[in-house]
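# Structural description and commentary
The residues making up each chain are set out below.
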Amino acid sequence: MDETRNCSILVVEDENMLRKMLLEILQHAGFSKVYSAADCAQARTVFYQEQPQAVILDIMLPDGDGFQLMQEMRHISNIPVLFLSARDADADRLHGLGLGADDYITKPFLPDELILRLTAILKRSYHFIDHPLPLRLGDIYVDWASGLVKRPNQVDVPLTAKETALLRKLADERGNIVTIDALCQAAWQDGAFGYENTLMVHIRRLREKIEHDPSKPIWLRTVRGLGYKLEREPQK
């Protein structure tokens, strides 16, 4: 059985019928620990009591919005978040991803697509056995096992699942150019078409975490017209 099916999932959706349908989809796919909430208040209660391992989150809720709720959750843990919303405007999608969401699906959706994307998020978030050694970027370290960026004399900063997937791809090809298409494929794995602008959002957020001066990056470089490159440690 797929290990991801042991992960606990919180579904936050105010429409009663859709919330029940989501629970059925997840349970039919093999997820045995699925919780639900109809608004922000219920979601907060379940989040603190049950400590789920991923959240499927609507944006428009009766007592608030999903963007703010995700930010509250992220202050507590680096929990993976998948937005599921009727708001399909590019601005909303980019805003959600820019805040650090791991994926964004618009309604109506295909149940199989939801499960595939959720499974991919869980695998990227909780399985790091192929990168046992931390990534060193000068005096900054990335601990793959915990998903944390460790900066000297500062609080550790968590990476999202998308940021981890992108950084791992760059680390695997360290010193070489990684094309935009290759990075999109590493992060989204579904044809990777149309994610170029979203990729730029994630690269910007990555730089904020691994660079001392994100506006003048020395590690994560842009190679115009081609892609990005993670610079090697200088030879001593």
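To start, this report covers the structure provided alongside it. Because the structure is a prediction, the values reported are computed rather than measured.

The calculated volume of the largest pocket comes to roughly 320 Å³. Of all the secondary structure elements, the ones that give two or more residues to the lining of the largest pocket are helix 2 (40–50), helix 5 (111–126) and helix 6 (161–172). Partitioning the lining of the largest pocket into residue classes produces 11 nonpolar, 9 polar and no charged. As a volume, the second largest pocket reaches approximately 240 Å³. M70, Q71, R74, H75, N78, L99, P158, T160, R205 and K209 together form the lining of the second largest pocket. When contributions to the lining of the second largest pocket are tallied by element, the ones reaching two or more residues are helix 3 (66–76) and helix 8 (196–210). Broken down by element, the residue count for the lining of the second largest pocket peaks at 4 residues, all from helix 3.

Once that is clear, we can look at unusual backbone geometry. The omega torsion across K107 and P108 is -5 degrees, close enough to zero to call that bond cis. Along the chain, the position of P108 falls in the loop between strand 7 (103–106) and helix 5. In this model, Q51 sits at a positive phi of 50 degrees, which is unusual for a non-glycine residue. Note on placement: Q51 falls in the loop between helix 2 and strand 3 (54–57). Since its relative accessible area comes to 60%, Q51 is described here as exposed.

Take the packing of aromatic side chains next. Counted under the stated rule, the structure contains 3 aromatic pairs. Between the aromatic rings of F67 and F83, the centroid separation amounts to 5.3 Å while the plane-to-plane angle is 75 degrees, which identifies the pairing as edge-to-face. With F67 in helix 3 and F83 in strand 6 (residues 81–85), this residue pair connects regions lying 16 residues apart in the sequence. With relative accessibility at 9%, the residue F67 sits in the buried group. A relative accessible area of 0% places F83 in the buried class. When the ring of F83 is compared with that of Y104, the centres are 6.0 Å apart and the planes differ by 50 degrees; the resulting orientation is tilted. Taken together, the positions of F83 in strand 6 and Y104 in strand 7 put the pair 21 residues apart, joining distant regions of the chain. Pairwise contacts between aromatic rings join F67, F83 and Y104 into one cluster.

The rules behind each value
- Residues numbered from 1 in each chain as written.
- Predicted model: local features only at pLDDT ≥ 70, side-chain atom pairs only at ≥ 80, totals over all residues.
- Heavy atoms only, no water.
- 1 Å grid on protein atoms, 1.4 Å probe; cavity = no way out; pocket = protein on both sides within 12 Å on 5 of 7 lines; lining within 4 Å.
- Points joined across faces, edges and corners; volume = space filled by probe spheres on them.
- Helix = DSSP H or I, 4+ residues; strand = E, 2+ residues; numbered from the N terminus.
- Nonpolar A, V, L, I, M, F, W, Y, C, P; charged D, E, K, R; others polar.
- Buried < 20%, exposed > 50% of the residue type's maximum accessible area, 1.4 Å probe, protein only.
- Phe/Tyr/Trp six-rings, centres within 6.5 Å; stacked < 30°, edge-to-face > 60°.

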